[in-house]
Amino acid sequence: MNLPQHAPMDWPVVDDCLMLGGILLTTLARRVGRTPFYAYDRARIDVRIDLLRRYFPGAVKLHYAIKANPMPALVCHMAGRVDGLDVASGGELTTALDAGMTPQNVSFAGPGKSAAELARAVAAGILVNVESSREIGILERISHDAGAPARVAIRVNPTFELKSSGMKMGGGPKPFGVDAELVPELLQNIRSRGLAFEGFHIFSGSQNLQATAICEAQVKAVELALSLAQSAPAPVRVLNIGGGLGIPYFPGDEPLDLAAIGENLYVLSERLASELPQAALVVELGRYLVGEAGIYVCRVIERKTSRGEVFLVTDGGLHHHLAASGNFGQVIRKNYPALIGNRVAGGRRELASVVGPLCTPLDVLVERMELAQAQEGDLVVVLQSGAYGLTASPGAFLSHPPALETLV
Ligand SMILES: *Cc1c(COP(=O)(O)O)cnc(C)c1O
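Residues numbered from 1 in each chain as written. Predicted model: local features only at pLDDT ≥ 70, side-chain atom pairs only at ≥ 80, totals over all residues. Heavy atoms only, no water.

### What about the packing of helix α8 (residues 211-229) against helix α9 (residues 258-275)?
The relative placement of two packed helices comes down to the angle between their axes together with the axis-to-axis distance. What counts here: Fitted lines through C-alpha atoms serve as axes, helices being fitted only where they are in contact, and the angles separating the N-to-C directions of these axes extend from 0 to 180 degrees. Numbering of helices and strands starts at the N terminus; helices are DSSP runs of H or I of at least 4 residues and strands are runs of E of at least 2. Each angle receives one of four descriptions, namely roughly parallel if under 35 degrees, roughly antiparallel if over 145, roughly perpendicular if within 65 to 115, and oblique otherwise. Contacts were defined at the residue level, with two residues in contact if any of their heavy atoms lie within 4.5 Å. Charged means Asp, Glu, Lys or Arg here, nonpolar means Ala, Val, Leu, Ile, Met, Phe, Trp, Tyr, Cys or Pro, and polar covers whatever is left, Gly included.
Where α8 contacts α9, the axes come no closer than 9 Å and their chain directions differ by 10 degrees. Judged on the interaxial angle alone, α9 and α8 are roughly parallel. Residues A211, I214, C215, Q218, V219, V222, E223 and L226 of α8 lie in contact with α9, whose contacting residues are A260, I261, N264, L265, L268, R271, L272 and E275. Looking at the contact of α8 with α9 residue by residue, the classes come out as 11 nonpolar, 2 polar and 3 charged.

### Comments concerning the site of the ligand
Heads up, the rule is: If even one non-hydrogen atom of a residue comes within 4 Å of a molecule or strand, that residue is called near it. Two N or O atoms form a polar contact when they lie within 3.5 Å of each other; inside protein one atom must be a possible hydrogen donor and the other a possible acceptor, and for residues adjacent in sequence the pair counts only when both atoms belong to side chains. The Shrake-Rupley method, run with a 1.4 Å probe sphere, supplies the accessible areas, and residue values consider only the shown protein chains as cover.
Near the ligand lie 12 residues; those nearest to it are K67, S206, E284, R287 and Y388. For the ligand, an oxygen atom lies 2.5 Å from a polar atom in the side chain of S206. In the model, an oxygen atom of the ligand is placed 2.6 Å from a nitrogen or oxygen of the Y388 side chain. Starting from 380 Å² of accessible surface for the ligand in isolation, the protein chains cover 94%. For the shell around the ligand, the residue count by class is 5 nonpolar, 4 polar and 3 charged.

### Focus on the state of the cysteines
Heads up, the rule is: Disulfides are defined as pairs of cysteine sulfur atoms found within 2.5 Å of each other. Relative accessibility thresholds used throughout: buried, under 20% of the residue-type maximum; exposed, over 50%; partly exposed, between the two (1.4 Å probe, protein chains only).
Throughout the structure, instances matching the rule amount to 0 disulfides. In this structure C17 is not part of a disulfide, and its nearest cysteine sulfur, from C298, lies 15 Å away. On the accessibility criterion, C17 (5% relative accessible area) is buried. With no disulfide partner, C359 has as its closest neighbouring cysteine sulfur the one in C298, 18 Å distant.

### Section: empty space enclosed by the protein
Applicable threshold: Put simply, the grid is 1 Å and covers the protein atoms alone, a cavity is a trapped set of points that fit a 1.4 Å probe, a pocket is an open set with protein on both sides within 12 Å along at least five of seven lines, and lining residues have an atom within 4 Å of a point. Grid points are joined across faces, edges and corners, and a volume is the space filled by probe spheres set on the points.
Summed over all chains, the structure comprises 2 cavities of 30 Å³ or more. In this model, the largest cavity occupies a volume close to 80 Å³. Considering the residues around the largest cavity, the lining is formed by 14 residues, among which S204, A217, Q218, I241 and G243 are closest to the centre. Per element, the largest residue contribution to the lining of the largest cavity is 4 residues, and it comes from α8. The class makeup of the residues in the lining of the largest cavity is 8 nonpolar, 6 polar and no charged. By volume, the second largest cavity amounts to about 40 Å³. In terms of lining residues, the second largest cavity is bounded by Y40, A68, N69, P70, S385, G386, A387, Y388, G389, L390, T391 and E405. Considered class by class, the residues forming the lining of the second largest cavity number 6 nonpolar, 5 polar and 1 charged.

### Regarding the sheet that holds strand β2 (residues 17-20)
Heads up, the rule is: Only strands joined by at least two bridges in the DSSP assignment are considered to pair.
The strand order across the open sheet formed by 3 strands is β1-β2-β3, and the pairing between neighbours is antiparallel. Looking along the sheet, the strands with just one partner apiece sit at the ends: β1 (13-14) and β3 (23-24). The pairing of β2 with β3 spans 2 bridges and is antiparallel. Directly across from L20, in β3, lies its bridge partner I23.

### Comments concerning the domain arrangement of the protein
Which entries qualify depends on this criterion: These domain limits were set by an automatic method or by a database of domain assignments. Each of two parts loses accessible area, computed with a 1.4 Å probe, when they are put together; buried area is these two losses added.
You can read the domains of the protein as domain 1 (13-40 + 292-407) and domain 2 (109-285). For domain 1 versus domain 2, the distance between C-alpha centres works out to 36 Å. Listed by partner, the interface residues are 8 residues for domain 1 and 6 residues for domain 2. Contact between domain 1 and domain 2 buries roughly 740 Å² in total, counting both sides, with carbon and sulfur atoms accounting for 63%.

### Here's the deal with the environment of T159
Of note, T159 is situated in the loop between β9 (151-157) and β10 (167-168). Residues T159 and P357, spaced 198 residues apart in sequence, show a C-alpha to C-alpha distance of 45 Å. The residues touching T159, leaving out its near neighbours within four places in the chain, are A180 and E181.

### Digging into the layout of surface pockets
When its volume is computed, the largest pocket comes out at roughly 640 Å³. In this structure, the largest pocket is lined by 22 residues; those nearest its centre are Q5, H6, P251, M369 and E370. Elements with a contribution of two residues or more to the lining of the largest pocket: β18 (338-340) and β20 (364-372). Top contributing element to the lining of the largest pocket by residue count: β20, with 3 residues. Along the lines of polarity and charge, the residues of the lining of the largest pocket split into 16 nonpolar, 3 polar and 3 charged.

This is the structure in structure tokens:
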């Protein structure tokens with residue numbers, strides 16, 4: 001029987017040691033100073049951006065959703081390369097502005113924005129993707145006090161779902177956005193309250209590997225926007241159709257067919273050019289831009305055998321990398337791709353599990369995977385770790401030191 005395999009990961013290996021950013025992992029570990037750490041490869045991010053620009057029409061604006069990886073140095077790197085940054089909190093707003101992104105090209109989505117966050121957004125001159133009539137009311141007061149209208153787009157909770165998505169963020173009852181059927185009334189409100197209407201934001205889901213499902217959702221998003229635009233108080237200048245582009249994590253996952261998505265975007269952007277000529281089509285991506293450019297590195301503290309099974313007990317675990325442990329939205333636990341970074345092929349190979357130092361059975365990074373036979377002191381590497389890693393993990397659990405981060 002052929003078991004499903006991880007998609008091939010094209011990391012360079014020299015002398016059986018993984019290389020990142022042209023540096024041997026063993027050297028990088030000394031340079032960082034201690035384990036565990038995340039390392040992100042800026043050249044791989046650039047390759048990803050180039051790929052997207054090659055497949056997507058030039059008119060499509062590429063935004064980076066900071067929540068995927070808010071490391072300030074990485075966001076600075078992004079700021080010089082993408083067309084905009086999307087933030088989902090006041091903290092991320094600070095990161096985006098500090099990174100030097102033009103406020104015109106920063107947008108702010110997320111449920112439950114506080115009055116303080118909204119006031120900062122208006123003062124900064126960024127676009128607010130409003131998610132409720134409450135936010136409209138607050139923005140009206142803030143705009144009045146500031147003497148300048150808030151720039152707003154409406155985040156729409158569409159009537160459709162993004163099929164076969166890892167996480168659904170639209171369709172049905174959702175805390176995100178304004179239900180599509182209530183949007184026309186809200187648009188009237190925006191006109192009477194003196195806010196600067198700029199467009200729509202329709203984001204339906206995350207981590208999708210099926211191009212057909214993504215294309216279908218993008219077509220529906222554009223159609224929904226065209227119909228809502230008829231009630232708009234001003235020309236639509238921004239249509240953000242979200243992202244949702246997934247990356248292969250688990251055995252059997254196949255990389256996304258980016259060409260198919262690009263072709264669909266050509267059709268959509270032409271349609272938009274004729275029906276809403278002032279509207280810029282925006283795609284906002286987190287995971288797809290950074291997920292494959294990052295690794296998580298921890299060190300084997302102890303090699304342990306229990307009733308015939310090998311456990312590599314490391315200094316890293318779910319407190320740094322919840323997603324690899326299978327506890328971040330997975331239904332059935334599956335292994336991220338992993339290897340022993342300083343002996344990739346290794347001499348002998350064995351079936352082993354990699355666990356962390358936390359006193360809970362949930363603290364598993366790798367469960368029964370074929371790895372090079374590892375010794376104490378070796379470096380375990382979890383691939384596909386550039387997105388939803390450190391900041392999406394419960395760092396305080398068990399009071400171990402935080403993981404470090406480096407951008408190479
Ligand atoms: C999280 C988020 C994204 C990024 O999603 P990815 O799956 O990482 O690409 C984009 N837009 C919004 C509004 C989000 O909340």
